[in-house]
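Coordinate inspection notes
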Amino acid sequence: MRKTITTALAAVLLAAVTACGGGSGGSAGNSSDDTITMGFAQVGAESGWRTANTKSIQESAKSAGIELKFSDAQQKQENQLKAIRSYIQQKVDVIAFSPVVETGWDTVLLEAQRAKIPVILTDRAIDSDDTSLYKTFLGSDFIDEGKKAGKWLVENSDGPVNVVELQGTTGAAPAIDRKEGFEAETKSNPDIKIVASQTGDFTRSGGKQVMEAFLKSQPDIDVVYAHNDDMGLGAIEAIKAAGKKPGTDIKIITVDAVKDGMTALANGEINFIVECNPLLGPQLMDLAKKVVAGEEVPERVVTEETTFTQEQAKAALPDRKY
Ligand code: GZL
């Protein structure tokens, strides 16, 4: 009798576990049918780039038939950590996120691994020795972006050049790497000096505040290198308020190429923009389907992007998607 009860209990338990392990590809997903559920932990809504990136992810999930759970961390790592843990609790099929900073992710990603939920990094990378913590990283080469900015300056300057740098969020991969790339490219020219460098946190208000301080503390500024358009646009406001002409008295180089930045470039208030493509949604959804199905994916997917001069911006603006 006891044996019969035990066997029946085991069968019930097995059925329960199998039901919880629903979702396609045998992952931990809890979707009742084959619909993939993705938990996405976004950095925030700090810039025009982020807005375009969020729109791309949300629209692509809809087109791909992927159920999207989405959170905005307001640029705080603790909020991203909370969101990822919530997705683990909800047993989503796949987690994707753009790490606001490079460090502090190993523990939560181990929790996802133990829960058998695959993770995809998009936009920004993490600094971890354990590459098994995520399936792939889809995003730009930020060092290359910094090099492109530096190369333009080397090719378009003659004699001593004092540069002030508006850095992105402290500890963020794009901030660290865009600085590294720019310095690597400009160190070949001893006339180019970075006389001041401070974070504006990738926001327009941050760029304006830091530029106001630079204009007071630096007697002779020739160039602003801003790690994104939004900080560059904030710097333009500060430069104008100080009675100077942005793009002429002080040249400006930025990264992103969002519509507001491209408009300032076309108007001559910015001099050069390095593109950083935010439209990662379609590739992310393709990668998610492969990962959930247990298919192999490349460890690194680098997004394609270019650079813009004033003339190129004028030509590109009418068709610009973001
Ligand atoms: C870069 C992205 C950066 C953008 C900023 O991939 O992480 O964050 O350059 C955004 O505009 O805030």
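Residues numbered from 1 in each chain as written. Predicted model: local features only at pLDDT ≥ 70, side-chain atom pairs only at ≥ 80, totals over all residues. Heavy atoms only, no water.

Our working definition: UniProt positions are given in the numbering used here, feature names are shortened, and annotations may be inferred rather than shown by experiment.
As annotated in an unreviewed UniProt entry, the protein chain carries the name Simple sugar transport system substrate-binding protein and comes from Actinophytocola algeriensis. For the protein chain, the Subcellular location (unreviewed entry) comment in UniProt is given as "Cell envelope". Turning to the protein chain, the UniProt record has this under Sequence similarities (unreviewed entry): "Belongs to the bacterial solute-binding protein 2 family."

**Quick notes on the packing of aromatic side chains**
Our working rule: Note on aromatic contacts: the rings of Phe and Tyr and the six-membered ring of Trp form a pair at centre separations within 6.5 Å, being stacked when their planes are under 30 degrees apart, edge-to-face when over 60 apart, and tilted otherwise. Burial classes: relative accessible area under 20% of the type maximum marks a residue as buried, over 50% as exposed, and values in between as partly exposed (1.4 Å probe, protein chains only). Runs of H or I in DSSP of at least four residues are treated as helices and runs of E of at least two as strands, each being numbered from the N terminus.
Enumeration over the complete set of coordinates arrives at four aromatic pairs. Judged by centre distance (4.9 Å) and plane angle (55°), the rings of phenylalanine 97 and tryptophan 105 are tilted. Look at phenylalanine 97 and you get buried, because its relative accessible area is 0%. Considering the side-chain rings of tryptophan 152 and phenylalanine 272, the 5.3 Å spacing of their centres and the 10° angle between planes classify their relative orientation as stacked. With tryptophan 152 in helix H5 (residues 142–155) and phenylalanine 272 in strand E10 (residues 272–275), this pair connects stretches of sequence that are 120 residues apart. Residue tryptophan 152 is classed as buried on the basis of its relative accessible area of 12%. The buried category is assigned to phenylalanine 272, whose relative accessible area is 6%.

**Side note on the UniProt feature "domain: Periplasmic binding protein" (unreviewed entry) in the protein chain**
Taken from the UniProt record, the annotation "domain: Periplasmic binding protein" (unreviewed entry) applies to residues 44–296. Strand forms 19% of residues 44–296 and helix 45%; the C-alpha atoms that close the span are 30 Å apart.

**Some points on the environment of serine 60**
In this fold, serine 60 is placed in helix H2 (residues 48–64). Separated by 23 residues in the primary sequence, serine 60 and threonine 37 place their C-alpha atoms 13 Å from one another.

**Details of empty space enclosed by the protein**
Put simply, the rule is: For cavity detection a 1 Å grid was placed over the protein atoms alone, and a set of points counts as a cavity when a 1.4 Å probe fits there but cannot get out; an open set counts as a pocket when protein lies on both sides within 12 Å along at least five of seven lines, with lining residues being those that have an atom within 4 Å of a point. Grid points are joined across faces, edges and corners, and a volume is the space filled by probe spheres set on the points. Note on residue classes: Ala, Val, Leu, Ile, Met, Phe, Trp, Tyr, Cys and Pro are nonpolar, Asp, Glu, Lys and Arg are charged, and everything else, Gly too, is polar. By convention here, the domain bounds are inherited from an automatic or database domain assignment.
Summed over the entire model, instances satisfying the criterion amount to one cavity of 30 Å³ or more. In terms of lining, the largest cavity is formed by 13 residues, of which the most central are Trp49, Arg50, Arg124, Arg178 and Asp256. Secondary-structure elements contributing two or more residues to the lining of the largest cavity are H2 and helix H6 (173–186). A breakdown of the residues in the lining of the largest cavity according to their chemical character gives five nonpolar, two polar and six charged. A domain-level breakdown of the lining of the largest cavity finds at least three residues from each of domain 1 (37–140 + 278–304) and domain 2 (142–276).

**Describing the nonpolar core**
Our working definition: Put simply, buried Ala, Val, Leu, Ile, Met, Phe, Trp, Tyr and Cys residues joined by side-chain atoms within 4.5 Å make one nonpolar core. By the convention used here, residues are in contact when the closest approach between their heavy atoms is within 4.5 Å.
By size, the foremost hydrophobic cluster in this structure holds 31 residues, and its most contacted members are Leu166, Met211, Phe214, Val224, Met262 and Ile270. By residue number, the principal contributor to this core is helix H8 (residues 229–241), which donates six residues. Setting aside residues up to four positions removed in sequence, methionine 262 forms contacts with Ala257, Ile273, Phe308, Ala313, Ala316, Leu317 and Arg320. Counting residues in hydrophobic clusters, the runner-up holds 23 residues, among them Ala83, Val92, Leu109 and Val119.

**Considerations on the site of the ligand**
Counted only if it meets this: Proximity criterion: a residue is near a molecule or strand once any of its heavy atoms comes within 4 Å of it. In the analysis that follows, any N or O atom pair within 3.5 Å is treated as a polar contact, provided that within protein one partner can donate a hydrogen and the other can accept it, and provided that, for residues neighboring in sequence, both atoms belong to side chains. Areas reported here follow the Shrake-Rupley algorithm with a probe of radius 1.4 Å; residue values treat only the protein chains shown as occluding. A cavity or pocket is said to hold a molecule if more than half of that molecule's atoms lie within 2 Å of its grid points.
Surrounding the ligand, one finds 13 residues, the nearest of these being Glu46, Asp123, Arg124, Arg178 and Asp256. Between the ligand and aspartate 123 there is a distance of 2.3 Å, counted from an oxygen atom to a side-chain nitrogen or oxygen. Here an oxygen atom of the ligand sits 2.7 Å away from a polar atom, N or O, in the side chain of arginine 124. Contact with the protein chains hides 100% of the accessible area of the ligand, taken as 320 Å² for the molecule alone. When each cavity is represented as a set of grid points, the ligand is found to reside in the largest cavity. Counting residues per element, the ones that place at least two in the shell around the ligand are H2 and H6. The residue makeup of the shell around the ligand, split by class, is five nonpolar, two polar and six charged.

**What to know about the sheet that holds strand E5 (residues 136–139)**
The condition is simple: In short, DSSP must find at least two bridges between two strands for them to pair. Whenever a helix is involved, its axis is fitted only over the stretch in contact; in every case the axis is a line through C-alpha atoms, and angles between N-to-C directions fall within 0 to 180 degrees.
Spatial strand order, E2-E1-E3-E4-E5-E11: six strands in an open sheet with parallel pairing. A strand with exactly one partner marks an edge of an open sheet, and here the two such strands are strand E2 (67–72) and strand E11 (300–302). When strand polarity is set aside, the average angle formed by the axes of neighbouring strands in this sheet is 15°. For E5 and E11, the ladder comprises three bridges, and the chain directions are parallel. Residue phenylalanine 137 lies in a different strand from E11, and its bridge partner there is arginine 300. Lying on the sheet, helix H3 (residues 77–89) is in contact with strand E1 (37–42), E2 and strand E3 (94–97); it crosses E1 at an angle near 170°. Contacts from helix H10 (residues 281–292) reach E1, E3, strand E4 (119–122), E5 and E11 within the one sheet, and its direction differs from that of E4 by about 160°.

**Side note on H5**
Our working rule: Helix span, expected: 1.5 Å multiplied by one less than the number of residues in the helix. Within this analysis, the arc is defined by the directions that extend from the helix axis to the C-beta atoms.
With 14 residues, H5 ought to run about 20 Å at 1.5 Å a step, and its terminal C-alpha atoms sit 20 Å apart, in line with that. By the burial criterion, the buried members of H5 are Phe142, Glu145, Gly146, Ala149, Gly150, Trp152 and Leu153. The buried residues of H5 occupy an angular sector of 155° when the element is viewed end-on, so they sit on one face. Along its buried surface, H5 packs onto strand E6 (161–167), H6, strand E7 (192–199), strand E8 (223–226), strand E9 (251–256) and E10. Its side-chain oxygen 3.1 Å from the backbone nitrogen of isoleucine 143, aspartate 141 forms the N-cap of H5.

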